[in-house]
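# Coordinate analysis (summary)
Here's the letter readout for the chains.
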Number of protein chains: 2
Amino acid sequence: MNTDKHAPIQWQFSRRAQKLESSAIREILKVTMRPEIISFAGGLPSPETFPVDHMRAAYEKVLSKQGKVSLQYGPSDGYAPLREWVASTLSTDGACIVPEQVLMVSGSQQGLDLLGKVLIDEGSKVLVETPSYLGALQAFSVYGPQFESVPTDDGGLLPESLDAIGKDARLLYALPNFQNPTGRTLSVERRHALVESCARLGVPLIEDDPYGALCYRGDPLPKLLNMNPEGVIHMGSFSKVLTPGIRLGYVVAPEPLVRKLEQAKQATDLHTAQLTQMVVYEAVKDGFLSQHIPTIRKLYADQCQVMLSALEQYFPEGVRWTRPEGGMFIWVTLPEHIDSMKLLEEAIEELVAFVPGAPFYANAPQKNTLRLSFVTVSPEKIREGVAKLGKLIKAKL
Amino acid sequence: MNTDKHAPIQWQFSRRAQKLESSAIREILKVTMRPEIISFAGGLPSPETFPVDHMRAAYEKVLSKQGKVSLQYGPSDGYAPLREWVASTLSTDGACIVPEQVLMVSGSQQGLDLLGKVLIDEGSKVLVETPSYLGALQAFSVYGPQFESVPTDDGGLLPESLDAIGKDARLLYALPNFQNPTGRTLSVERRHALVESCARLGVPLIEDDPYGALCYRGDPLPKLLNMNPEGVIHMGSFSKVLTPGIRLGYVVAPEPLVRKLEQAKQATDLHTAQLTQMVVYEAVKDGFLSQHIPTIRKLYADQCQVMLSALEQYFPEGVRWTRPEGGMFIWVTLPEHIDSMKLLEEAIEELVAFVPGAPFYANAPQKNTLRLSFVTVSPEKIREGVAKLGKLIKAKL
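Summary of the structure given here. Please read these numbers as outputs of a predicted model, since none were measured by experiment.

Per the secondary structure count, chain A includes 14 helices and 15 strands. Computed over its C-alpha atoms, the radius of gyration of chain A comes to 22 Å, within 12% of the 21 Å expected for a compact globule of 397 residues. By sequence separation, contacts in chain A at least 24 residues apart represent 76% of the contacts at least 6 residues apart. Here chain A displays about 14,600 Å² of accessible surface, and carbon together with sulfur accounts for 51% of that area. Here chain A contributes 41 positive and 45 negative side-chain charges, whose respective centroids are spaced 4 Å apart.

As structure tokens, this is what we get:
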């Protein structure tokens, strides 16, 4: 047979696939993988926090005691003991979450994709914070929503703005704790107001909470989920408190939605790896996280403080930044005339990198913003990198 | 705050989610998990074939030598050494497959979902075999295609039928080796004709090949991929030759499509677990599969022979079945007046289960068909179960 005589296939991608783009930023940031670059661009947790030996022991235990079960196909909704653990862990502040409300997923990003698949039609109104998590905008975009940006201030999302824009929205997507990208936290009062507004408007409220446990001091704030389990969809992840490379998270939602998500999950990838779920259950069931998470909090709090001090020292007047109470990110607002994308190009020449803020906006990008992560860079390099950025910014004033 | 006063959310699912249904068959088959049932319904590989100790050693090695890297986020296209291994393993029959053509996915089912996402619009024509793999129909259905069933005979798909129906199709989906559900194999002549037809019509041809290595005798037949790497999308999986519970497969396609799939993969779940990929690379890189796969072939060939003999002995005249040369399934065609769904209800009373054939048809289901799997049932139980089914069928003649 000779197929050479035929023209190569002209790929006709679906309209949704045409919305997927190679990001210019991603291309630029590829160079930031070079070891000589001081990169504040990462969204990665610090590998210093990975409990390698603990995970290794858990793999050894599961594979030696339950090898064949762990390597076989499993149920689409997830490994039952782990779903029970998630439900029981989330049953705080008087709320009772049951295992039937829990769907295990292959990392939070998959939760976003499944929620988009099940809740968003072409043209559906979807409410997001200003700015919002880039990965969520990407996951939802595929399904063709009309994004409506909910106004925010330094305290995060403004619940009172929902009355004007919330009607008929398919969902509201929020990160109440140490938001990616801004590091902002929503106050308890605003949480109540937000939950109340969404319940009144009949809008499903997604609480994406990968960083909630990483508060630098005090206890985590109450979850939106527990304020109204009938109307809130909670997303959690083991990526930031255990390790991300295993890809494990969960969606907790009212049962009618969970059953629909389970059907979508089955059509999407059958189920999340059974071995991974059994190992994580083994790793967390005896309270390991309650000893482990404080060590992550301490490290990130210290690194954050180093960066805040360096910003104070090296950044000129007219630049503003957030002061996170947890999580992994600081958000910087430059004077309006400075485009952070252009600044990035210059910064890379100086061997420093960050993520420009524009792609985090669903609408009307503010080009004078940028995101800094401090968790994977040493204190010394944090100071050196911030000093270099400060110098570049000063030159533009 | 009191949200009790608000009505519970009226879930408005997307139109695509409304197409997802809880299958009546799945509900019935739930009872087949009971240990007293002789189940020919499974699509699971035999856990007897899982190389538990080999996997355990691979986990131990990766976690002890590369713990932090394996537990960190990884690239969306997959772990580079494993992509190289896949490319090199598939470069046979004179074809040269490069790692840039390989995307690692979380099991073949995810490959199907990503291909549907990227290639299918509402109303797109999608060609499938008659019957076809149920999981593919489910994965594609979400994206709203118009399925066109390609005629088949006992030798599988009829390539000459494409001229009449293939024009403007977005893709053709085929399982050339030991097809699920029929166990049929496409001859070398038909493979060439199929590849040639698709190339001529400009229709991307998906070769789903989870069972290809499981031939009972001789060598595997040549892959469609290697007949025309420019026009064929090949899907492979570690589920049937290593273990399914880790969820690992791959899509091999022309580069423009792989880059688009990679973007979709990133928006869908960022990447497939880094640890899993590193461990599988460790497990296969030194040729383990070439010793291991023959043991699976031998087991399945023996079990298949037991079932074929039992069918010969216990099934009445007027019933036909396939005689697979590999894989996990036998397809049975009953006399036209017998509905296999009703037969299943009676069979479950007798503690035997199988999968009725109707859901495997995209159009015009043949209700007198059913699928039998022989790989997880002991020879004695195979004979007992087939005898019981034979009795039930005879009573209907």
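Text resumes after the structure shown.
Take the nonpolar core next. Leu-172 of chain A together with Leu-172 of chain B are the most contacted members of the largest nonpolar core, which has 274 residues in total. Not counting the four nearest positions on each side in its chain, Leu-172 of chain A is found in contact with Leu-127, Val-150, Leu-157, Leu-162, Leu-194, Cys-198, Val-203, Pro-204, Leu-205 and Ile-206 of chain A.

Note: disulfide means a covalent bond formed between the sulfur atoms of two cysteine side chains. All names here are of chain A. If you walk through the whole model with that rule in mind, you get 0 disulfides over all chains. Of all cysteine sulfurs, the one in Cys-304 lies closest to Cys-215, which takes part in no disulfide; the gap is 13 Å. In this structure Cys-215 comes out as buried when scored by relative accessible area, which is 4%.

Glancing now at the interface of chain B and chain A. Listed as interface residues are 88 residues of chain B and, on the opposing side, 88 residues of chain A. Buried surface at the junction of chain B and chain A, both sides included, amounts to about 7,600 Å², of which 60% is carbon and sulfur. The interface formed by chain B and chain A contains 38 residue pairs in polar contact (both at pLDDT 80 or more). Contributing elements (two or more residues each) for the side of chain B that touches chain A: helix H1 (15–18), helix H3 (52–70), helix H5 (108–119), helix H6 (134–141), helix H8 (188–201), helix H10 (255–269) and helix H11 (274–284) of chain B. Looking at the side of chain B that touches chain A, the element that brings in the most residues is H3 of chain B, giving 10 residues. The residue inventory of the side of chain B that touches chain A, partitioned by class, reads 38 nonpolar, 30 polar and 20 charged.

All names here are of chain A. By the element assignment, Ser-373 lies in strand E15 (residues 369–373). By relative accessible area, which is 1% here, Ser-373 ends up buried. One polar contact links the side chain of Ser-373 to the main-chain carbonyl oxygen of Met-328, over a distance of 3.5 Å. In contact with Ser-373, other than residues within four places in its own chain, are Phe-40, Gly-42, Met-307, Met-328 and Phe-329.

What the rule picks out here adds up to 44 salt bridges over all chains. Between Asp-77 of chain A and Arg-83 of chain A there is a salt bridge, with the nearest N and O atoms lying 3.2 Å from each other. Overall, Asp-77 of chain A belongs to the buried group, its relative accessible area being 13%. You can call Arg-83 of chain A buried: its relative accessible area is 9%. Asp-269 of chain B is paired through a salt bridge with Lys-265 of chain B; the nearest N and O atoms lie 3.1 Å apart. You can see Asp-269 of chain B and its partner Lys-265 of chain B sitting in helix H10, 4 residues apart, about one turn around the helix. The exposure class of Lys-265 of chain B is buried, given its relative accessible area of 0%. Residues joined by salt bridges that share partners form a network here, namely Asp-53 and Arg-56 of chain A together with Glu-60 of chain B.

As a further point, take unusual backbone geometry. One can expect most non-glycine residues to show negative phi and most peptide bonds to be in trans. Look at the link from Thr-130 of chain B to Pro-131 of chain B: it is a cis peptide, with omega at -10°. In this fold, Pro-131 of chain B is placed in the loop between strand E3 (125–129) and H6. A cis amide bond links Asn-180 of chain B with the next residue in sequence, Pro-181 of chain B, at an omega value of 20°. Counting through the fold element by element, Pro-181 of chain B comes out in the loop between strand E7 (171–174) and H8. Positive phi is not limited to glycine here, since Arg-247 of chain A has a value of about 60°. Summarising the element assignment, Arg-247 of chain A is placed in the loop between strand E9 (232–237) and strand E10 (249–252).

Residues and elements named next belong to chain A. Burial along strand E7 (residues 171–174) is two-sided: the face carrying Leu-171 and Tyr-173 and the face carrying Leu-172 and Ala-174 are both buried. Examined bridge by bridge, E7 and strand E8 (residues 205–208) share 3 bridges and lie parallel to one another. Along E8, the bridge assignment pairs Ala-174 with Glu-207. Once the chain exits E7 it traverses helix H8 (residues 188–201) before rejoining the sheet at E8, and the crossover so formed is right-handed.

A separate point is the sheet that holds strand E12 (residues 329–333) of chain A. Residue and element names in this part refer to chain A. Reading across the sheet, the 4 strands line up as E11-E12-E15-E14 and stay open at both edges, with antiparallel pairing between neighbours. Each end of this open sheet is capped by a strand with a single partner; those strands are strand E11 (320–321) and strand E14 (355–356). As defined by bridge partners, E11 adjoins E12 across 2 bridges and the pair is classed as antiparallel. For Arg-320, the partnering residue across the bridge sits in E12 and is Thr-333. Lying on the sheet, helix H12 (residues 288–314) is in contact with E11, E12 and E15; it crosses E12 at an angle near 15°.

In this section: the sheet that holds strand E4 (residues 146–150) of chain A. Residue and element names in this part refer to chain A. If you trace the 7 strands from one edge of the open sheet to the other, you get E2-E10-E9-E8-E7-E3-E4, paired in mixed fashion. Looking along the sheet, the strands with just one partner apiece sit at the ends: strand E2 (102–105) and E4. The sheet shows a mean angle of 20° between the axes of neighbouring strands, direction not considered. Direction of pairing for E8 relative to E9: parallel, over a ladder of 4 bridges. Each residue of the ladder has a partner; that of Asp-208, found in E9, is Met-235.

Rules behind the numbers
Residues numbered from 1 in each chain as written. Chains lettered and ligands numbered in written order. Predicted model: local features only at pLDDT ≥ 70, side-chain atom pairs only at ≥ 80, totals over all residues. Heavy atoms only, no water. Helix = DSSP H or I, 4+ residues; strand = E, 2+ residues; numbered from the N terminus. Rg over C-alpha atoms; globule rule 2.2 N^0.38 Å. Contact = heavy atoms within 4.5 Å. Areas by Shrake-Rupley, 256 points an atom, 1.4 Å probe, with all protein chains shown as cover. Lys, Arg positive; Asp, Glu negative; His and termini not counted. Charge placed at Lys NZ, Arg CZ, Asp CG, Glu CD. Core = buried A, V, L, I, M, F, W, Y, C linked by side-chain atoms within 4.5 Å. Buried < 20%, exposed > 50% of the residue type's maximum accessible area, 1.4 Å probe, protein only. Disulfide = S-S within 2.5 Å. Buried area = accessible area lost by both parts, 1.4 Å probe. Polar contact = N/O pair within 3.5 Å; in protein donor to acceptor, adjacent residues only side chain to side chain. Nonpolar A, V, L, I, M, F, W, Y, C, P; charged D, E, K, R; others polar. Salt bridge = Lys/Arg side-chain N within 4 Å of Asp/Glu carboxyl O. Pairing = 2+ DSSP bridges. Right-handed = clockwise from strand over helix to strand, strands pointing away. Axes fitted to C-alpha atoms, helices over the stretch in contact; angles between N-to-C directions.

Remember that the coordinates give geometry; whether it matters functionally is a separate question.
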